[in-house]
Structures are given as C-alpha cells and as structure tokens.
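The residues making up each chain are set out below.
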Amino acid sequence: MSKKRQILPFFLVQKGCPYACSYCKQEDISGKEACTPSDVQKALENDRSYDEVALYGGSFTCLPKEERFAFYEAIRPSIDAGKINGIRISTRPDAINESIVEELVKNHVKAVELGVQSMDDEVLFTNGRGHTKEDVRTAVNLLKTAPISIGLQMMTGLPRDTDELAIRTAKSLICLQPDFVRIYPVLVFGGTALARWYREGKYIPPTLEASVQLCAKLVMLFHQANIPIIRLGLHEEESMHEEGAYVAGPIHPAFGDLVEDTIFHKYFSRLLQSCEGQVTIRGPYDMIQHIAGHKGWVRKELEKGKCRIKLIQEQSETSTIDGSIQAVIHRDEIYREGDVNAFKSN
Ligand code: SF4
C-alpha cells in the first residue's frame, strides 16, 4: 500500500481571484482566514518534514508577482534544508501560461490543481467561471511540458449541469490524463449567487441520493481509467454550520463512503442474487467496510434476498466468498466489471 503524502496545507481563501463563481464562499468552505507568506514562514519554523506545502483555496497564479515570490521565499529555506520536497498550488485554468509554468518550475512547485468544475461551456458561463473548456485543455497541455503533476477538480450539481454532462466532463478529464482528480458535489452557501438563485426558486440542488448515484458513476469511470480520486465531497468544516453558512445541497459527513458503498452494493447484489443461506465474506477492512456499508445499510439491503451475510475482516488483498457460491474478488473488479449504466438514472 502506498504511503500517504504528508501535506502541510494553507488556505488563500479566494485571494488573487478576480472572479466570483456562483457557489464560491471560500471562507465557509475552508473555515480558515487567508494566510500570508509570514504565516507560512512561521509554521515552518520547526523540525518537521513534509512532502509538500500546499497553497489551496484561491488562485495562486492570479496573485500579484511580488506576493507569489513572497510565498516562494517563505518556503525556500525549508526546501533548501531538505524539510520540504516541494510546493502544491491550486489555481484557475486561464491563469496558466508559459512564463507562469517556467516560474512555477523554478520555484519548486511540484503539483498544480486546476479548478475545472465542468467541461461544458454553458455550465461554466452560467456559473461565472470566466474561462472555457478550451482554457482547461491549453493549461493542461502547458503544464504537461513541465515536471509538474496535474490535478483536476470537477463539480457536480451546478446550475445547467446534468448527469449526462457531468459524465461527459469526467470523460473529457480522463482524455487529458491528469495525475489525480477531485470531485465535489456543489453546496449552496449563504451570500453566493447560488444561494440567491436557490431562494428565488431558480436553482434546485440535487438530493443526496441523486448526488451519490452520480458520483458512483464518476468514481467508476476514473477508476477504470486508473486516475486516482484524492477527494470526493467537501470536508465538513464547523464553519459550514455557522449561521448563514450552509444553505442547501447534498452534504454528508461520510459522502465518499456512501459513494463507495453504492458501488459495492451494485456489485454484490448482482453477485449474491441467487445465494441462499449463510454466506461468509472475508476480506480487508477497505472492502468489508463497504460490504457492510455506512451504518450497515449495504448488508441490510443484500440480506433482503435469501442469504445471511457474515463479514470477517482479515489481512489480505482480496475478498473471498464462501457459501452457496464461492468466489475470490479483487477490489479492482468491483470498479472495472461494474457497468456504469447499471446505476439508477436521476
Ligand atoms: S475561481 Fe476559485 S477562488 Fe475564484 S471565485 Fe471561483 S471558486 Fe472562488
């Protein structure tokens, strides 16, 4: 199993961004105040080592040049001392050009995460993104000329987006071959255009169930293309629950688990449909947990048939089924053999 990367995150909280996307309320999403180069410098004044320092939650390459260099200089001593391997930034696709890429490489930026959100120009326009799908392709192609790993972030449930368009977005991102992706179902925060549209009845967010079903399809597509998903759903911050913050949308503390559970549920309900009596399933925690499901929902559903399921966690790479059917299941099969179209259409 690969070791989790140690990332020290800082949040720019919309700093440098000249836009106001329909859903953007970075202070509620991150629960942080915008950091400064001196905050970064202070946080690095210790002996701890990290793989990367990350500057998230804004558009780093839109910051004035002096400010970008102040961040580089705050981090440089730790890189020179071997405590940090590199820097990770997030930015907008239209804020990448040749000279920016050159600057990023010279200043130890090893990963760039681009907020793409959709590869449909109408969805991008409606949500005030201020860039096109072509800008995304141009940015990715430029970044691919450099030793920088590329992460692409997409959203689901934006106004004008549909399940079909979201699947097309995922397929377009796969064609761009990023090193990793993030998937975020959009949430409505107070003070945004989206909150106004919601209040005026012009925007109805998808339900949690619909969002989970769609994300299950997207996860399978990325998995089948061997593209890691490093985040699925927003991390629930306390600030989201402060008055006037979260308004609506498919929020759940275990959103990613619900999506994985759904994929496992589809696979095992097909596999076990003709089973009767007791079936014992042994396997590693990361499989057994989804065969049980969040608060046991998957097992309960599977047991609506004629079988009773006993789950045993053990150290192994695969799961084995023992009962009226016998099988050895590799985790990958669950994503690869599943049919994306088998999920409920919303
Ligand atoms: S580009 Fe990013 S930081 Fe700027 S408004 Fe949109 S979501 Fe917010």
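Scoring rules and cut-offs
- Residues numbered from 1 in each chain as written.
- Predicted model: local features only at pLDDT ≥ 70, side-chain atom pairs only at ≥ 80, totals over all residues.
- Heavy atoms only, no water.
- Helix = DSSP H or I, 4+ residues; strand = E, 2+ residues; numbered from the N terminus.
- Domains from an automatic or database assignment.
- Phe/Tyr/Trp six-rings, centres within 6.5 Å; stacked < 30°, edge-to-face > 60°.
- Buried < 20%, exposed > 50% of the residue type's maximum accessible area, 1.4 Å probe, protein only.
- Lys NZ or Arg CZ within 6 Å of the ring centre and 35° of its normal.
- Pairing = 2+ DSSP bridges.
- Axes fitted to C-alpha atoms, helices over the stretch in contact; angles between N-to-C directions.
- Contact = heavy atoms within 4.5 Å.

### A closer look at the environment of Asn 226
Turning to its location among the elements, Asn 226 is positioned in the loop between α9 (208-224) and β8 (229-232). Taking the C-alpha atoms as reference, Asn 226 lies 9.4 Å from Gln 177; in sequence the two are 49 residues apart.

### Quick look at the domain arrangement of the protein chain
Quite often, the size of an interface is put as the accessible area lost when its parts meet. According to the domain assignment, the protein chain consists of domain 1 (7-206 + 221-249) and domain 2 (260-342). Inter-centroid distance (C-alpha atoms) of domain 1 to domain 2 is 35 Å.

### Points about the packing of aromatic side chains
All chains considered together, the criterion is met by seven aromatic pairs. Arranged with centres 6.0 Å apart and planes meeting at 65°, the rings of Phe 60 and Phe 71 form a pair that is edge-to-face. Of this pair, Phe 60 sits in the loop between β2 (50-56) and α3 (65-80) while Phe 71 sits in helix α3, and the two are eleven residues apart along the sequence. The residues Phe 60 and Phe 71 share a single accessibility class, namely buried. Between Phe 264 and Phe 268, the aromatic rings sit 6.2 Å apart at their centres with planes inclined by 15°, giving stacked as the arrangement. Within this pair, Phe 264 and its partner Phe 268 are both found in helix α10 (residues 255-271), separated by four residues, close to a single helical turn. The exposure class assigned to Phe 268 is buried, which follows from its relative accessible area of 0%. The ring of Tyr 56 is capped by Arg 182, whose NZ or CZ atom sits 5.2 Å from the centre of that ring.

### What about the sheet that holds strand β5 (residues 149-156)?
Ordered by their spatial adjacency, seven strands build an open sheet running β1-β2-β3-β4-β5-β6-β8, and the pairing between neighbours is parallel. Two strands in the sheet have a free side with no partner beyond their single neighbour: β1 (7-11) and β8. Each adjacent strand pair in this sheet contributes to an overall mean axis angle of 20°, direction not counted. With six bridges connecting them, β5 and strand β6 (residues 180-185) associate as parallel partners. The residue bridging Met 154 from the neighbouring strand is Ile 183, located in β6. Sheet strands in contact with helix α7 (residues 163-176) are β4 (109-117) and β5, and its direction is about 175° off that of β5.

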